[in-house]
Amino acid sequence: MSLVLHNTMTRRKEEFRPREEGRVLMYVCGPTVYNYIHVGNGRAYLVFDVIRRYLRYKGYEVFYVQNFTDVDDKIINRAREEGKTPQEIARFYERAFREDMRALNVLPPDVSPRATETIPQMLEMIKALVEKGHAYVVDGDVYFSVESFEGYGKLSGRSLEEMRAGERVEVDERKRHPMDFALWKSSKPGEPAWESPWGMGRPGWHIECSAMSLQHLGMGFDIHGGGQDLIFPHHENEIAQSEAYSGESPFVRYWVHNGFVNIREEKMSKSLGNIILVRDILKQYPADAVRLLALQTHYRSPIDFGPEALEEAKRALERLENCLFALDSFIAKPPPRVAPARTQREVELSDSFFDFERRFEEAMDDDFNTARAMGVIFELVKELNTYLDEQQHFQTPASPMVASHGRDTLIKLCRVLGLFAPPPEGEEVERAAEEPVAGAEDGDAFPAAEGLVELLLEVRAMARERKQFETADFIRSRLREMGIRVDDLREGQRWKFVGREE
Ligand SMILES: [Zn+2]
């Protein structure tokens, strides 16, 4: 089956053909590290994590680059407010970002370059753009001339005339066209500054993504991703810089953009004061509930991250968990001595598992339709629950084998989407672990004390049998304080390490 994806450049779905067979090169715009990440920006990293995981599942080798914007007006302002250096602010929130991504089970990028470590590459590009007549210097600032680049506006579908007409803010008179943008800005005293042919200064935001993606992926790489709010001007400017610099086109084969985040049908924004931080959500909801919520909407559609939607996602996650738990308990029964024969019903059920996989893949191949893919997963859950119910009346020796096959299918499909996935490993994670974020608790690593938890739960079960509910509740609440959540299910007690409450 072939994968199709929506290309913002052509505004239609296209068959996916990477530059190099079997290999996908991806670039996603990373965060400006001046604050904790909120879900409005966080959605992109979940979306592209799922896309990356699915491409891997399809057999591609994926190379994923995501930058850190660590020099920017917002960082400088924040540093001024807090009496810190811009670098202190940037490093602090970079670590916090890595922590939040790890908590969301987002796989770390293969490379995550920082803007401040890519200055020579940016200077080289800016110099070449000036030489080629695509950029001009005014009082130590360097601007890109949008009129010098023929294709300006092709990604966002706007013409320069429309942009000029739509320009409402007061235009900097030193610019030749209102849409001309800064490649290099002269630094004011006290601001971070690097030497350049035009005096001490710092890079503009757009040039960093061009410099980094070209450095690590080269012209014509496969997927460039980000939120829809980046289409204009950021990605439009990246195209202009990269294509004008290299003289080649296209800069990127497929442009992929995710939709906005709403809170109770209002756009999440600073001015409305409804910003929700990823780390605050994760204090109340398991990461998989957040992932599941993101998956239940197509990545290009707007999504609601309000409390009701989160509660609903949590309940949906519990449906999945309960099914897996019931399957596990069922499979744990001793295996039969004789190789079991399956009933007709079981043969059909086993066959249907392959059908579920096929339908799941069809949904994902259609522009990563995770909403439809989740629908397939929940149909499978329903099917498996029905089968387990039947087993209460009529159980065959083959039942555990069939249940096991069903469980494997369910887990496999969930993991493709990053649900119930093992925590990410790799160098990036170690880097984050080395330097704990101020305020984070240490000792969150769970020791091998599972046996003790099991013992306490046995005592709790005995207490409940004897109707000593106070003791039972005491054990449960003390465990919760230690970061262990106990759920009472029909099948018995289940526990999970969820981290300490604040
Ligand atoms: Zn970017």
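The rules we used
- The written sequence of each chain sets the order in which its residues are numbered from 1.
- Given that the model is predicted, a residue must reach a pLDDT of at least 70 before its local features are reported, and side-chain atom pairs must reach 80 or more before they are shown or counted; all residues, however, enter totals for whole chains, interfaces and linings.
- Working definition: helices are DSSP H or I runs of at least four residues, strands are E runs of at least two. Numbering for both runs from the N terminus.
- Buried residues are those with 20 or more other C-beta atoms within 10 Å of their own C-beta, exposed residues have 12 or fewer, and partly exposed residues lie in between; C-beta atoms are placed from the backbone.
- With C-beta atoms placed from the backbone, a contact is any residue pair whose C-beta atoms sit within 7 Å.
- Two strands are said to pair when DSSP picks up at least two bridges between them.
- Angular values range over 0 to 180 degrees, each being the angle between N-to-C directions of two axes fitted as lines to C-alpha atoms, with helices fitted over their stretch in contact.
- Any helix carries an expected span of 1.5 Å times its number of residues minus one.
- Where each domain begins and ends is defined by an automated method or by a domain database.
- Crossovers are described as right-handed under a simple rule: with the strands pointing away from the observer, the path leading from the first strand over the helix to the second runs clockwise.
- When describing relative orientation, an angle under 35 degrees is termed roughly parallel and one over 145 degrees roughly antiparallel, while 65 to 115 degrees is termed roughly perpendicular and anything else oblique.
- Residue polarity follows a fixed list, in which Ala, Val, Leu, Ile, Met, Phe, Trp, Tyr, Cys and Pro are nonpolar, Asp, Glu, Lys and Arg are charged, and the others, Gly among them, are polar.
- Note on definitions: a nonpolar core is a set of buried residues drawn from Ala, Val, Leu, Ile, Met, Phe, Trp, Tyr and Cys, linked by C-beta atoms within 7 Å.

Please explain the overall build of the protein chain as it appears in this structure.
When you go through the protein chain residue by residue, the secondary structure sums to 16 helices and 15 strands. Taken over the C-alpha atoms alone, the protein chain extends approximately 80 × 50 × 40 Å along its principal axes. With 502 residues in all, the protein chain has 37% of them scored as buried. For the protein chain, the share of sequence-separated contacts (at least 6 apart) that also reach a separation of at least 24 residues comes to 74%.

How do you make sense of the sheet that holds strand β6 (residues 141-144) when you look at a structure like this?
The strands making up a sheet associate through hydrogen bonds between their backbones, and the pairing can be parallel or antiparallel. Strands sit in the order β5-β6-β7-β8 across an open sheet of four strands; the sheet is antiparallel. With partners counted over all chains shown, the strands left at the sheet margins are β5 (135-138) and β8 (201-203), one partner each. The average angle at which neighbouring strand axes cross in this sheet is 20°, direction not considered.

Explain the pairing of β5 here, please?
Two faces belong to every sheet, and in a regular strand the side chains alternate between them. Relative to β6, β5 runs antiparallel, the two sharing four bridges. By the bridge assignment, Y136 is partnered in β6 with Y143.

How should I be thinking about helix α3 (residues 86-103) in this particular structure?
Because an α-helix packs 3.6 residues into every turn, residues spaced three or four apart end up facing the same way. Compared with the 26 Å implied by 1.5 Å per residue over 18 residues, the 26 Å span of α3 between its first and last C-alpha is a close match. Considered for burial, the residues of α3 that qualify are P86, I89, A90, Y93, E94, R95, A96, F97, R98, E99, D100 and M101. One or two steps after α3, the chain reaches N105, where phi turns positive at roughly 65°.

Honestly, the sheet that holds strand β13 (residues 303-304) in this entry has me stumped. Any pointers?
With mixed pairing, the three strands of this open sheet are ordered in space as β12-β11-β13. Two strands lie at the open edges of the sheet, namely β12 (266-267) and β13, each paired on one side alone. Alignment of strand β11 (residues 261-263) against β12, held across two bridges, turns out to be antiparallel. Bridge pairing in β12 places N262 opposite K267.

Help me understand the domain arrangement of the protein chain in this model?
Interfaces are often sized by the amount of accessible area the parts lose when they come together. Here the domain parsing of the protein chain yields domain 1 (4-284), domain 2 (307-416) and domain 3 (441-497). Each of domain 1 and domain 3 was reduced to a C-alpha centroid, and the two centroids are 47 Å apart.

Looking at this model, I keep getting lost on the environment of F378. Mind explaining?
Within the secondary structure, F378 is located in helix α12 (residues 370-391). For F378, a count of 14 C-beta atoms within 10 Å corresponds to the partly exposed category. Once the C-alpha coordinates of F378 and I281 are considered, the two residues, 97 residues apart in sequence, prove to be 24 Å apart.

Help me out: how do you make sense of the pairing of strand β4 (residues 61-66) in this one?
Here six bridges tie strand β3 (residues 23-28) to β4, and the two strands are oriented parallel to one another. Directly across from Y27, in β4, lies its bridge partner V65. Regarding the hand of the β-α-β motif, the stretch spanning β3, helix α1 (residues 39-57) and β4 is right-handed.

Explain the packing of helix α11 (residues 344-365) against helix α13 (residues 399-416) to me, please; I cannot follow it from the model alone.
Two numbers describe how α11 lies on α13: the axes approach to 10 Å, and their chain directions differ by 5°. Taken together, the axes of α11 and α13 lie roughly parallel to each other. Across from E346, L349, S350, F353, F356, E357 and F360 in α11, the residues of α13 making contact are V402, H405, G406, T409 and L413.

Where do I start with the packing of helix α2 (residues 73-82) against α3 in this structure?
Pairs of packed helices are described in terms of their axes, by the angle between the two and the distance that separates them. In the contact formed by α2 and α3, the axes pass within 8 Å of each other and the chain directions differ by 105°. Comparing the axis directions of α2 and α3 gives the class roughly perpendicular. On α3, the residues that touch I75, I76, R78, A79 and E82 of α2 are P86, E88, I89 and A90. A breakdown of the residues in the contact of α2 with α3 according to their chemical character gives six nonpolar, no polar and three charged.

Is there a simple way to think about unusual backbone geometry in this case?
Excluding glycine, a negative phi dihedral is what most residues carry, and trans is how most peptide bonds are arranged. A cis amide bond, omega 0°, links F232 with the succeeding residue P233. Tracing the backbone through its elements, the reader meets P233 in helix α7 (residues 231-246). Here the amide bond leading from S249 into P250 is cis, since omega sits at 0°, within 30 degrees of zero. Residue position: P250 is located in the loop between α7 and β10 (252-258). Phi at N105 takes a positive value of approximately 65°, unusual for a residue other than glycine. Structurally, N105 can be placed in the loop between α3 and α4 (119-131). With phi around 55°, D367 is a residue other than glycine that occupies positive phi space. Position of D367 among the secondary structure elements: in the loop between α11 and α12. Residue D367 is classed as partly exposed on the basis of its 19 C-beta neighbours within 10 Å.

Looking at this model, I keep getting lost on the nonpolar core. Mind explaining?
Note on soluble globular proteins: their nonpolar side chains tend to be buried together. In this structure, M26, I126 and L183 are the most contacted members of the largest nonpolar core, which totals 117 residues. With 10 residues, the top contributor of residues to this core is α1. Inspection of this core shows a minimum of three residues originating in each of domain 1 (4-284) and domain 2 (307-416).

Just checking my understanding: could you explain helix α6 (residues 205-216) for this structure?
For α6, with 12 residues, the first-to-last C-alpha span of 18 Å sits near the 16 Å given by 1.5 Å per residue. Burial within α6 is extensive, with 10 of its 12 residues counted as buried. Every buried residue of α6 is listed here: W205, H206, I207, E208, C209, S210, A211, M212, S213 and L214. Directly beyond the C-terminal end of α6, a positive phi value near 80° is found at G218.

Even after reading the chapter, I still don't get the environment of Y34, so can you show me in this structure?
Relative to the helices and strands, Y34 is located in the loop between β3 and α1. With 59 residues separating them along the chain, Y34 and Y93 place their C-alpha atoms 6.0 Å apart.

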